Number of protein chains: 2
Amino acid sequence: MVPLGERSNDPVLPDPPQGPLHVARARASFPWKELALFWEGEDTLRFKKTIFSALENDPLFAHPRGSRLSVEKYQELSFLRCKRVFEYDFLPLGDMLGSLPKVLALVECLGMYDWSLATKFFLHVLTFGSAIYSSGSERHFKYLPKIFSLEIFGCFALTEVSHGSNTKSMRTTAHYDPTTQEFIIHSPDFEAAKFWVGNMGKTATHAVVFAQLYTPGGRCHGLHPFLVQIRDPKTLLPMPGVMVGDIGKKLGQNGLDNGFAMFHKVRIPRQDLLNRSGDVTPEGAYVTHVKDVGQRFSESLGSLSANRVAIVGISVVNLKLAVSIALRFSATRRQFGPTDKEEVPVLEYPLQQWRLLPYLAAAYALDHFSKSLFLDLGELQQGLLGKDRSVRQAELGREIHALSSAGKALASWTAQRGIQECREACGGHGYLAMNRLGDLRDDNDPNCTYEGDNNVLLQQTSNYLLGLLARRDQGGARIESPLKTVDFLDAYPDILGRRFEGSSPEDLLDSSVPLAAYEWLVCYLLRESYQRLSQEKRSGRSDFEARNNCQLKDDAVALVDVIAPPDFILDSPIGRADGEEVSSGFWVKRPPSSPGSSIRTSGLPSFRETRCWRGHHGGRNSRSTSLS
Amino acid sequence: MVPLGERSNDPVLPDPPQGPLHVARARASFPWKELALFWEGEDTLRFKKTIFSALENDPLFAHPRGSRLSVEKYQELSFLRCKRVFEYDFLPLGDMLGSLPKVLALVECLGMYDWSLATKFFLHVLTFGSAIYSSGSERHFKYLPKIFSLEIFGCFALTEVSHGSNTKSMRTTAHYDPTTQEFIIHSPDFEAAKFWVGNMGKTATHAVVFAQLYTPGGRCHGLHPFLVQIRDPKTLLPMPGVMVGDIGKKLGQNGLDNGFAMFHKVRIPRQDLLNRSGDVTPEGAYVTHVKDVGQRFSESLGSLSANRVAIVGISVVNLKLAVSIALRFSATRRQFGPTDKEEVPVLEYPLQQWRLLPYLAAAYALDHFSKSLFLDLGELQQGLLGKDRSVRQAELGREIHALSSAGKALASWTAQRGIQECREACGGHGYLAMNRLGDLRDDNDPNCTYEGDNNVLLQQTSNYLLGLLARRDQGGARIESPLKTVDFLDAYPDILGRRFEGSSPEDLLDSSVPLAAYEWLVCYLLRESYQRLSQEKRSGRSDFEARNNCQLKDDAVALVDVIAPPDFILDSPIGRADGEEVSSGFWVKRPPSSPGSSIRTSGLPSFRETRCWRGHHGGRNSRSTSLS
C-alpha cells in the first residue's frame, strides 16, 4: 500500500467538506484514506469514482427519489436511466467476464444510487444474460450481442403465483411437437402464471421461462429453461398468446416493473430450449448427460446461487448506507448534557453506541464476506462453463449453495434490522422520507424473502451440515470442503470438550476467545440437531413428518376471527375472511376458460383490460421506452 | 355472558363467508363468537359495528389505500373524511367523557381503517381538546364547542427542530408585556421552530404552543402552554408573524399533515395562557400553586402520559391487523407436502407457527393490557381535573408514567417486529402493497420514536423502579403503588432466593412457573442495576457521567468515511459528509436574520416560498378544506 502522504494530490479520495463533522472526524485513531485504499484497492476506488461522477453530472440522474414519483413515472425513469448506463459502457462485455471485483463495484455503485435501476440493469445483463450463456449452448450465443445493444430486453421467469420456494411443483408446461419441431409453452391455470418477474411488467421483450418439459407420449422430464419472446421490441405489445402485465405497487423498488405472464399454447422453435443439461432431438427423444432428474434440475438452477450471492452484496450496500447516515447524524445531533447549558452529541451516549456500532462492525465484516464469496462463485461458474464434472466441482457447488443460503439470510436480516435501528436512532429525522432510511428499508426488504425465504434457506444450509455429519458418523468420511469453511467441524468431539478458562477481563479481549466459543456453539447445535433428527427417524416418522412434528395451532384462525375487523376495513386480499383469494393472492372470481377471458383481480384491472392497457401504454410511450 | 345459542339471529357477529378458510375455522376448539362477546362485550361490539358499517357504506371512504395517492390528495381526502366522522357524531361530547371503553373502540375502529384519519381526528379532539380542557381553566372552555363544530381545528405544538426528548431545552419564548396585557410568542432561531406537529402542516387554525414563560425583569418560569391562532379559519392563510407549512413526505401516515411553525413576535391576549399550573397577573406577577418548576412542568405535561397510553392501543391495533392477515394467508396457502402430489397449508409447519403464534398471543395480551391501562389513565385524569393533590394521586401519576413509558416501548416494538415477521411470513404476497402489511409497518413505525424514544422511555421506567428500591433500602419505605404493579418487588430478597425445582415437562406447563421466573429476573436485573449505579456514584462520578460512562466510538465517523459514497449518491440531508445540516435536520444556508428571510431548506421550498405556496394552496382549496 502506498503511504497516504504520496497521494495527497490524488483526487481519487478528496477531503470531505469542512463542517461540524470535522471535529468528530479529527478524533479518529487512524487515517481513513489509508484504510479505504487497503479495503478497496486503488483500481476499484477509481472505477467507483468514474461511475459516481458520471451519474452526478448527468441531469437524467438528478433526484428526487423515485418513491416520491408515481409508480408509472418512476418505472419510465428507471428504464431511461438503465439505457443510459448501457451507453456509458462502464464495464464492456469482455471486462465483465474478466474482472469480478469490478462487476461487484458496478453493482454497488448503481445500487447505492437506486436499487430499482441497479436491479433492472443486472436482471437483464447478469440474470437473463448469464442464464442464456450458462444454461444454453453455442446456438444461443447469437443473443448475447443483442443483450448489450439492447435490441432485446430480458427477464428470468421462474416463480409462479402459487409456487415460489417449491420449484418442483411448478405448473407451466412445455410439450414438444415433432411435427413442427416446436415446444408449446402453456399455463394450465391461473396459479401457474409466472409472477414477480423483474422487468416483465412493462419492458422485457424476452423471458427465460422455466417449464415442465414433456416429450411425445406424455413423459415429463422436469423443469427446464426456455427462451420465449413475450413482446414486440418496437411496440412493446404482447406477442400472440402471451398475457403479460405489471403486478402493481410493491412496498419498495417500485422503479422496477415486476410482472406476471400466462401463456396460451405459445409455440417456440425447438432450438430455444436452453439445452446445457438436457435436450430434445428433432424426433422428440430426450437426451441428457445427467441421469438423475434432481441433479439435472440442480444444475439448471445453478444461477440461483449467483442470485443469492448477489443479495448478500446488495444487503451489505444497504447496511453501509444506513450506518453512514445514522452515525453522521449521531455525531452532530446534540441532546441533553451534564449541565442545562451544555448538550453533547448523541453518539457520546453508550446507548447510541450500543445501538449503532455493532451494525458498523457488521457492515465491514459482511462486506469482506460478500467480496470473497463473490470470487468463490466466480470459480464455480468457470467450472460450470468448462463442463467440469469433477467431484471437487460438485462439492464446491454444494458448499457455495450452503454458504450463499445462510449468507443471504444473515446479510439480509442484519441489513433489515440494522436499517430499522438506524431509522429509530435518528428519531423523527429518520422518519422523514427525504433522509432515505425508509427507502433503504423498503428496497432491502424483499431480500429477506425472494430467491428463497430466509428460514427455508437456513434449513438448506442445515441440511448440508447434517449431511456431512451423517457421512462422518456412518461412513467415517472426513468433514472437509473445497473452501475449507466446514473443516473445523471434523474435530467436533474435541471442540465440544473445550471449556472456557479465562479468568480476567483481558482474557475476553483476545479475539480467539469468542471465535472458540462460536465454534463450540456451532458444534453443539449441530450435534443436538443431528441426534434429535435421528431419534425422530428411528421412531418411525417419515422425513417430512420428522421435520414437521406439528402441535398447538388449530385455534389460530378462530382467534383471528375475534380480533379481525370486517373485510372492508381489513382491506387485504390475502387476509379476507373467506380465504377465497388467498390461494392465489388474488381475488379470482372464476377460473380462466381461455386466455383473454376476463379474470377479475383485486386491486388490478381485469386481465383483458390489463393486456389492452399495457399494450396501449407501451404504444403511447414507444418513443421513450421502445428498445431500439 | 349470554350463551351463543340464544344469539344465533343476532347480526352483531355475522357468520364469516364460506370459503377455503372454513376448514381451518371448523377445527377450532371453542366457538369464536363466545370469545368475542366475552372479550369486547356486546355494547362495544355493536358500537364498532355501527362505525364499520357507516364507513363501508359511505363512498367517501372507498379505497384505494392512501399510500397510492399523492401526498396532497391523501391529505385532502383525510381532512374530508375527518369532517365526515364529526358529522356522524359516533360519540357525542357528553358520551366521550363518560365512556372510556367507547373512546378506545372509536380509536380502534378509525385506526383499523386508516391511522392518518384516526390520528387527525384524535389530535384535534383529544390531544388539542383535552390540552385546553385539562391545562386551561373556565375561561378557555368557550373553545370546546368550537372544537366539536369544527369552527376551529387544532394541533399540539411541543417538539422543536432540535429538541424532542429534551423538553427543558426548548427555545420558543413567551415574554409578557404588561403595557398591552399580551404575551409575545417568539422563535429565536431556526432550531426553535416547532416541528413534526400533526395537523399543523395544512389544516390547523389553532395550536397549543409550549414556550418558556418570561415575566417583566427577565425571569424565566419554565415551559407553559399557550393557545395561539396560526391560520385564518376561512382562508387557511397564516396569521401575521406566523410562518407555517408542511414538513414533507414521511415514511408513513402521509394523510396526516405534519407541520412546522416559527413565530415572529406574535402577540396573544394574556388570557390565552393555559393557566392550570401557573398564571400571570395583569401587572406581570407570576402566580402558581406549585412551588417547584420541575413539578409544574410535569403537571403541564400530564397529557403526555395519555399520548403514550394511546400509542399502546394504536400499536395493538396494528399487531391485530397484521396477525389477522398473515394467519389467514398461512391457513390456506399451500407449499410442499409429504408427497409430490399433496401440498399442505403453510400454517401446518412448526416453523410458520413459531413465527406467527407468539405474535397472536402478544396481540391478545397487549390488547388486555391496553384496555386496563386506559381505564387507569381515566382515573388519573379525573383526579387531575378534580385538583386532587393527595399523595395517592401523585403516586398514581408516577406509576402510570412508568407503566405507559415501558408499555409504549413494549407495544410499539412488538407491533413493529410482529408486522415485519407477518410480512416475511407471507413471502412475495406480503411485499405487494395491496395486501397492506407495508402500510401497517410504515404507519406503526413512528410509535417507536415519538412521544419519547423507546429507549429513553425504558430508562424512565427504570428510574422509577430504582427510586423505589432506593427508598426501601435507605429509608425502609415499603415498595407499593396504587395499581399494585410493583408491590411484588418488596419481597425481592426472598424472590431472589427462589430456585427452580421442576423435574418434569408437566412442571413447566404450569403458568405460574414462567411467571415466577419472570419475577426473579426482574428482581435480579433491578438489584444488579441498583448496585452498579450506587458503585458508580460512590466512585465520584456525577449522575450524568454515571449513566454515560463512555467508551470505544471515536473512530466511527472515519470508519463511515471509508464506506460512504459521495453526498450526491448517499442522498440524505442528515447523512452529509460535512455534517452541516445535521444540526437542524435541514440544509440551512444562513441563519434567519428576521422572519420571512429566505432560508433554504433541502427538499423543501424556501420558507418564504413555503408561506406563499401554502397560503395560496389553502386559498385555492378553500371550498373543500376550509373549516366552516
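Because the structure is a prediction, the values reported are computed rather than measured. (Residues numbered from 1 in each chain as written. Chains lettered and ligands numbered in written order. Predicted model: local features only at pLDDT ≥ 70, side-chain atom pairs only at ≥ 80, totals over all residues. Heavy atoms only, no water.)

A. Fine view of the overall build of chain A. Each helix and strand counted, chain A has 23 helices and 13 strands in total. Relative to all contacts within chain A whose residues are 6 or more apart in sequence, the contacts with residues 24 or more apart total 68%. Of the roughly 25800 Å² of accessible surface on chain A, 55% is carried by carbon and sulfur atoms. (Helix = DSSP H or I, 4+ residues; strand = E, 2+ residues; numbered from the N terminus. Contact = heavy atoms within 4.5 Å. Areas by Shrake-Rupley, 256 points an atom, 1.4 Å probe, with all protein chains shown as cover.)

B. Main features of the sheet that holds strand β4 (residues 194-198) of chain B. Residue and element names in this part refer to chain B. One open sheet accounts for three strands, arranged β4-β8-β7; its pairing is antiparallel. The open sheet has two free edges, formed respectively by β4 and β7 (242-246), since each of these has just one partner strand. Here the strands of the sheet are splayed against their neighbours by 25° on average, with no regard to which way each runs. Sheet topology note: the β4/strand β8 (residues 258-263) ladder contains three bridges and is antiparallel. (Pairing = 2+ DSSP bridges. Axes fitted to C-alpha atoms, helices over the stretch in contact; angles between N-to-C directions.)

C. Region of the structure containing the nonpolar core. Ranked by internal contacts, the top residues of the largest apolar core, which has 90 residues, are Leu106, Leu110, Phe121, Val323, Leu327 and Leu360 of chain B. By residue number, the principal contributor to this core is helix α10 (residues 302-332) of chain B, which donates 15 residues. Setting aside residues up to four positions removed in sequence, Leu360 of chain B forms contacts with Ala556, Leu559, Val560 and Ile563 of chain A together with Val323 and Leu327 of chain B. Among the nonpolar cores identified, the runner-up in size contains 89 residues, and Ala24, Val309 and Phe329 of chain A together with Leu570 of chain B belong to it. (Core = buried A, V, L, I, M, F, W, Y, C linked by side-chain atoms within 4.5 Å. Buried < 20%, exposed > 50% of the residue type's maximum accessible area, 1.4 Å probe, protein only.)

D. Layout of the environment of Ala285 of chain B. Residues and elements named next belong to chain B. Looking at the secondary structure, you find Ala285 in the loop between β10 (279-280) and β11 (286-287). Looking at Ala285, the relative accessible area reads 40%, which means it is partly exposed. Sequence spacing of Ala285 and Ser130 is 155 residues, and the spatial spacing of their C-alpha atoms is 27 Å. When sequence neighbours within four positions are dropped, the list of residues in contact with Ala285 reads Asp279 and Val280.

E. Representation of the relation of the copies chain B and chain A in the model. Placing chain B over chain A gives an RMSD of 0.0 Å and needs a rotation angle of 180°, together with 0.0 Å of translation along the axis. One copy is carried onto the other by what is essentially a two-fold rotation axis. Within chain B, the C-alpha atom positioned nearest to the axis of rotation is that of Ser70 of chain B, 3.9 Å from it. Looking at the interface residues of chain B, 100% of them are also at the interface in chain A, so both copies use one shared face. (Least-squares fit on C-alpha atoms with pLDDT ≥ 70 in both.)

F. The arrangement of the side chain of Asp177 of chain A in detail. Residues and elements named next belong to chain A. Looking at where Asp177 falls in the secondary structure, it is placed in strand β2 (residues 173-177). Within the structure, the side chain of Asp177 is placed 3.1 Å from the side chain of Arg267, a separation counted as a polar contact. Each residue touching Asp177, except ones within four places of it in the same chain, is listed here: Glu182, Ile184 and Arg267. (Polar contact = N/O pair within 3.5 Å; in protein donor to acceptor, adjacent residues only side chain to side chain.)

G. How the structure looks around the packing of helix α2 (residues 32-40) of chain B against helix α11 (residues 350-385) of chain B. Residues and elements named next belong to chain B. In contact at an axis separation of 12 Å, α2 and α11 are set at 30° when each is read in the N-to-C sense. Taken as axis vectors, α2 and α11 run roughly parallel relative to one another. Counted together, Leu35, Trp39 and Glu40 of α2 and Tyr364, Asp367, His368 and Lys371 of α11 form the full contact between these two elements. For the contact of α2 with α11, the class distribution of residues is three nonpolar, one polar and three charged. (Parallel < 35°, antiparallel > 145°, perpendicular 65-115°, else oblique. Nonpolar A, V, L, I, M, F, W, Y, C, P; charged D, E, K, R; others polar.)

H. Representation of unusual backbone geometry within the structure. Not every positive phi belongs to a glycine, and Lys265 of chain A is a case in point at roughly 50°. Judged by relative accessible area, Lys265 of chain A falls into the exposed class, the value being 52%. The backbone phi angle of Gln181 of chain B is positive, close to 55°, even though this residue is not glycine. In this structure, Gln181 of chain B sits in the loop between β2 (173-177) and β3 (182-186). The exposure class assigned to Gln181 of chain B is partly exposed, which follows from its relative accessible area of 36%.

I. Broad picture of the pairing of strand β7 (residues 242-246) of chain A. For β7 of chain A, the tally of buried residues reaches five of five residues, placing the bulk of the element in the interior. The alternating pattern of β7 of chain A places Val242, Val244 and Asp246 of chain A on one face and Met243 and Gly245 of chain A on the opposite face, and all of these are buried.

J. Structural view of the environment of Glu506 of chain A. Residue and element names in this part refer to chain A. Along the chain, Glu506 turns up in helix α17 (residues 505-509). What makes Glu506 exposed here is its relative accessible area of 55%. For Glu506 and Arg68, which are 438 residues apart along the polypeptide, the C-alpha to C-alpha distance reads 52 Å.

K. Structural view of helix α12 (residues 391-425) of chain A. Residues and elements named next belong to chain A. If you check α12, its first and last C-alpha atoms are 50 Å apart, about what 35 residues at 1.5 Å a residue would give, namely 51 Å. When you tally the buried positions in α12, you get 25 out of 35 residues, the bulk of the element. Just downstream of α12, Gly427 is the residue with a positive phi angle, here 55°. (Expected span 1.5 Å × (residues − 1).)

L. Quick look at the interface of chain B and chain A. On the side of chain A, 142 residues touch chain B, which itself brings 140 residues to the contact. Of the roughly 12600 Å² buried between chain B and chain A on both sides combined, carbon and sulfur atoms contribute 62%. In terms of surface lost to chain A, no three residues of chain B exceed Arg328, Tyr431 and Phe568 of chain B, which account for 7% of the buried area on that side. Counting across the chain B and chain A interface gives 16 salt bridges. The partner of Asp453 of chain A in a salt bridge is Arg355 of chain B, and the shortest N-O contact between them spans 3.6 Å. Linking chain B with chain A are 48 residue pairs in polar contact (both at pLDDT 80 or more). Of the residues in the side of chain B that touches chain A, the class split is 68 nonpolar, 39 polar and 33 charged. (Buried area = accessible area lost by both parts, 1.4 Å probe. Salt bridge = Lys/Arg side-chain N within 4 Å of Asp/Glu carboxyl O.)

M. Spotlight on the pattern of salt bridges. According to the stated counting rule, one finds 76 salt bridges over all chains in the structure shown. Between Asp367 of chain A and Lys371 of chain A there is a salt bridge; the shortest N-O distance is 3.5 Å. Taken together, the residues span about one helical turn, with Asp367 of chain A and Lys371 of chain A both in helix α11 (residues 350-385) at a distance of four residues. Between Lys33 of chain B and Asp15 of chain B there is a salt bridge; the shortest N-O distance is 2.7 Å.

N. Inspection of a nonpolar patch on the surface at higher detail. Together, Leu521, Tyr524 and Leu525 of chain B make up a nonpolar patch on the protein surface, roughly 250 Å² of accessible area in all. Its place among the elements puts Leu525 of chain B in helix α18 (residues 512-538). (Patch = residues over 30% accessible without salt bridge, like charges linked within 9 Å, V, L, I, M, F, W, Y side chains within 5 Å.)

O. Layout of the sheet that holds β7 of chain A. All names here are of chain A. Ordered by their spatial adjacency, three strands build an open sheet running β4-β8-β7, and the pairing between neighbours is antiparallel. For this open sheet the edge positions go to β4 (194-198) and β7, each flanked by a neighbour on one side alone. Taking each pair of neighbouring strands and ignoring which way they run, the sheet shows an average axis angle of 25°.

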